[in-house]
Amino acid sequence: MVQYNPKDWITFIFRFHKSDTFRQLIPMMILIGVYSGAICFFEIHYFKLKENSHVKNISVLHTTVGFVLSLLLAYRTNTAYDRWWEGRKLWGSLVNNSRNLAIKLAAILENESDKNYFRKVIPSYASILAKHLSNEEVGKVLFEGLDLEIDQNKHKPNQVAKMIYSKINDLYKSNKISGNQLIILNSEIQSFTEVCGACERIKNTPIPYSYSAFIKKFIFFYVMTLPFGYVFTLGYYIIPVVVFIFYVLASLELIAEEIEDPFGGDENDLPTSKIASNIKKHVEEIL
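All values derive from a computational prediction rather than experimental measurement. Here the residue numbering is sequential within each chain, running from 1 through the sequence in written order. Selection of residues for local features in this predicted model requires a pLDDT of at least 70, selection of side-chain atom pairs for listing and counting requires 80 or more, and totals for whole chains, interfaces and linings are taken over all residues. Values shown for side chains rest on all heavy atoms present in the structure; no hydrogens or waters enter the calculation.

J.: I keep staring at the overall build of the protein and nothing clicks. Help me out?
T.: Check the secondary structure of the protein and you find nine helices and zero strands. In the protein, the succession of helices and strands from N to C terminus is α-α-α-α-α-α-α-α-α. Partly exposed describes any residue whose relative accessible area lies between the buried limit of under 20% and the exposed limit of over 50%, with all areas from a 1.4 Å probe on protein chains only and scaled to the type maximum. Out of the 287 residues belonging to the protein, those deemed buried represent 41%. By the criteria applied, helices consist of DSSP H or I runs no shorter than four residues and strands consist of E runs no shorter than two, each listed in order from the N terminus.

Following this line, the structure appears as structure tokens:
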């Protein structure tokens, strides 16, 4: 995730970060500029259309349809940001639940070997969940000193949650924790799986294809028809105007595409690995 100072306007305006949409859209913007110049040339010099040509009235279409397009893009970006923010709240819950579980175990357990087990396995859940959501392989280095085996062909976070619950159950059977304490710990362990399921729901349920495809086609045909009507008003100045309009509209769609899946490796995705390392740090301090 990109770290920045939101009050530094000058940097925002004149610096083009590698995740900036301007870099991604440069080839298409050049093509749009060439296309607009060609339309301008043919209408003015080749066909020699006059001011009273009916082609000029195409601009009425853009005035009417532009409002609809703005509503669609506003809804698109808001929906994508809601998914990003929900993912951040879920990982915030995972941080709190990991701390709460560690605090309760630190107060309940007396055996140092039991504490050492949870000191390593609780942060492992967050690390594995981060890799699971980004489709990365889980290495055995995460389980150094624990003799734990993770089956790569099965649901990896569930395996760690099962290990935690099995250990808690063994402590109960050996009378190291009471039935009431087992109930208290159960809610924290259950919350791990609930966070995992909610994150998987966000990841595995993208914006419907037909909706996303329609917006892209809408933007494309809207921009492609802009030069026809406004050539009579702006002349060759239509080239930078159309390029700028395309940049604005396409950038909104690109931003929405990037943040609607907040668990990938894009620049603006959630820093799940960093959050997992913070969980590890806090749990080790507590236990």
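J.: Would you mind showing me how to read the nonpolar core here?
T.: The nonpolar side chains of soluble globular proteins are, as a tendency, buried together. Definition of nonpolar core: a set of buried residues of the types Ala, Val, Leu, Ile, Met, Phe, Trp, Tyr and Cys, connected through side-chain atoms within 4.5 Å. Ranked by internal contacts, the top residues of the largest apolar core, which has 47 residues, are Trp91, Leu94, Leu105, Phe118, Ile122, Ile164 and Ile168. Here, two residues are considered to be in contact whenever any of their heavy atoms come within 4.5 Å of each other. With residues up to four places along the chain from it excluded, the contact list for Ile122 reads Ser98, Leu101, Ala102, Leu105, Phe192, Val283 and Leu287. Membership of the second largest hydrophobic core comes to 22 residues, among which are Met29, Cys40, Leu69 and Leu249.

J.: Explanation requested: the packing of aromatic side chains in the structure shown.
T.: Think of a pair of aromatic rings as described by two things: how far the centres are apart, and how the planes are tilted against each other in angle. When the centres of two rings from Phe, Tyr and Trp lie within 6.5 Å, Trp using its six-membered ring, the rings pair. Their planes under 30 degrees apart give stacked, over 60 give edge-to-face, and anything left gives tilted. In the structure shown here, the tally under the stated rule is nine aromatic pairs. Their ring planes at 75 degrees and their centres at 5.8 Å tell us that Phe22 and Tyr247 sit as a pair that is edge-to-face. You can see Phe22 sitting in helix H2 (residues 21–46) and its partner Tyr247 sitting in helix H8 (residues 238–259), a full 225 residues away along the chain. Geometrically, the ring pair formed by Tyr75 and Tyr211 is edge-to-face, given 5.9 Å between the ring centres and 85 degrees between the ring planes. Residue Tyr75 is located in helix H3 (residues 58–108), and its partner Tyr211 is located in helix H7 (residues 209–234); the two are separated by 136 residues in the primary sequence. Cluster of aromatic residues (ring-pair linked, three or more members): Tyr81, Trp84 and Trp85.

J.: Hey, could you run me through a nonpolar patch on the surface in this one?
T.: Like-charged residues are merged into a patch within 9 Å and nonpolar side chains (Val, Leu, Ile, Met, Phe, Trp, Tyr) within 5 Å, provided each residue has over 30% relative accessible area and no salt bridge. With residues, only the protein chains shown are counted as cover, and all accessible areas are computed by Shrake-Rupley using a 1.4 Å probe. Whenever a carboxyl oxygen of Asp or Glu lies within 4 Å of a side-chain nitrogen of Lys or Arg, that contact is scored as a salt bridge. Judged by side-chain polarity, Phe41, Phe42, Ile44, Tyr46, Phe47, Leu49 and Tyr236 come together as a nonpolar surface patch covering roughly 690 Å² of accessible area. Within the secondary structure, Leu49 sits in the loop between H2 and H3. You can call Leu49 partly exposed: its relative accessible area is 31%.

J.: Help me understand helix H4 (residues 112–133), please; the structure alone is not making it clear to me.
T.: Helical geometry: 3.6 residues make up each α-helical turn, so side chains three or four residues apart lie on a common side. In this analysis, the expected span of each helix is defined as 1.5 Å times one less than the number of residues it contains. Helix length check: H4 (22 residues) gives 33 Å between terminal C-alpha atoms against 32 Å at 1.5 Å per residue, within 8%. Burial within H4 is extensive, with 17 of its 22 residues counted as buried.

J.: Quick question: what am I supposed to make of the pattern of salt bridges here?
T.: Counted according to the given criterion, the structure contains 11 salt bridges. Here Lys203 and Asp261 are joined by a salt bridge, their closest N and O atoms 4.0 Å apart. With a gap of 58 residues between them, Lys203 in helix H6 (residues 179–204) and Asp261 in the loop between H8 and helix H9 (272–286) connect regions that are remote in the sequence. Classification of Asp261 as partly exposed rests on a relative accessible area of 25%. Taking the shortest distance from any N to any O, the salt bridge between Glu253 and Lys216 comes out at 2.8 Å. One end of the pair, Glu253, is in helix H8; the other, Lys216, is in helix H7, with 37 residues separating them in the sequence. You can call Glu253 buried: its relative accessible area is 4%. Taken together, the shared-partner salt bridges in this structure form one network comprising Arg76, Lys216, Glu253, Glu257 and Glu260.

J.: Looking at this structure, I do not really get the packing of H3 against H9. What am I missing?
T.: Packed helix pairs are characterised by how far apart their axes lie and by the angle those axes make with each other. Between N-to-C directions, angles cover 0 to 180 degrees, with each direction set by a line fitted to C-alpha atoms, over the stretch in contact for helices. At a minimum axis separation of 9 Å, H3 and H9 run at an interaxial angle of 15 degrees. On the basis of the axis angle, H3 is roughly parallel to H9. The two elements H3 and H9 cross, and the hand of that crossing is right-handed. Along the contact surface, H3 presents Arg88, Trp91, Leu94, Val95, Ser98, Arg99, Ala102, Ile103 and Ala106, while H9 presents Thr272, Ile275, Ala276, Ile279, His282, Val283 and Ile286. Residue type decides the class: Asp, Glu, Lys and Arg count as charged, Ala, Val, Leu, Ile, Met, Phe, Trp, Tyr, Cys and Pro as nonpolar, and the leftover types, Gly among them, as polar. For the contact of H3 with H9, the residue count by class is 11 nonpolar, three polar and two charged. Each angle receives one of four descriptions, namely roughly parallel if under 35 degrees, roughly antiparallel if over 145, roughly perpendicular if within 65 to 115, and oblique otherwise. Left-handed is the label given to a crossing in which the near helix is rotated counterclockwise from the far helix by less than a right angle, and right-handed is the label when the rotation is clockwise.

J.: Sorry, what's going on with the environment of Arg119 here?
T.: Inspection of the secondary structure assignment puts Arg119 in helix H4. Excluding its chain neighbours within four sequence positions, the residues that come into contact with Arg119 are Glu112, Val283, Glu284 and Leu287. Only 3.1 Å separates the side chain of Arg119 from the side chain of Glu112, close enough to count as a polar contact. Polar contact is the term for a pair of N or O atoms within 3.5 Å; when the atoms are in protein, one must be able to donate a hydrogen and the other to accept it, and sequence-neighboring residues count only if both atoms are side-chain atoms.

J.: Help me understand the side chain of Arg76, please; the structure alone is not making it clear to me.
T.: Mapped onto the elements of the fold, Arg76 is located in helix H3. Residue classification places Arg76 among the buried residues on the basis of a relative accessible area of 1%. Once residues lying within four places of it in the same chain are set aside, the contact partners of Arg76 are Ile207, Tyr211, Ser212, Ile215, Glu253, Ala256, Glu257 and Glu260.

J.: Would you mind showing me how to read H9 here?
T.: Taking 1.5 Å per residue, 15 residues should reach 21 Å; H9 reaches 21 Å between its end C-alpha atoms and fits that length. Along H9, the positions that sit buried rather than exposed are Thr272, Ile275, Ala276, Ile279 and Val283. Here the buried residues of H9 occupy an arc of 100 degrees about the axis, which is enough to place them on one side. In H9, the exposed positions that point more than 90 degrees away from the buried face belong to Ser273 and Glu285. Elements that come into contact with the buried residues of H9 comprise H3 and H4. To obtain the arc, one takes the directions from the helix axis to the C-beta atoms.

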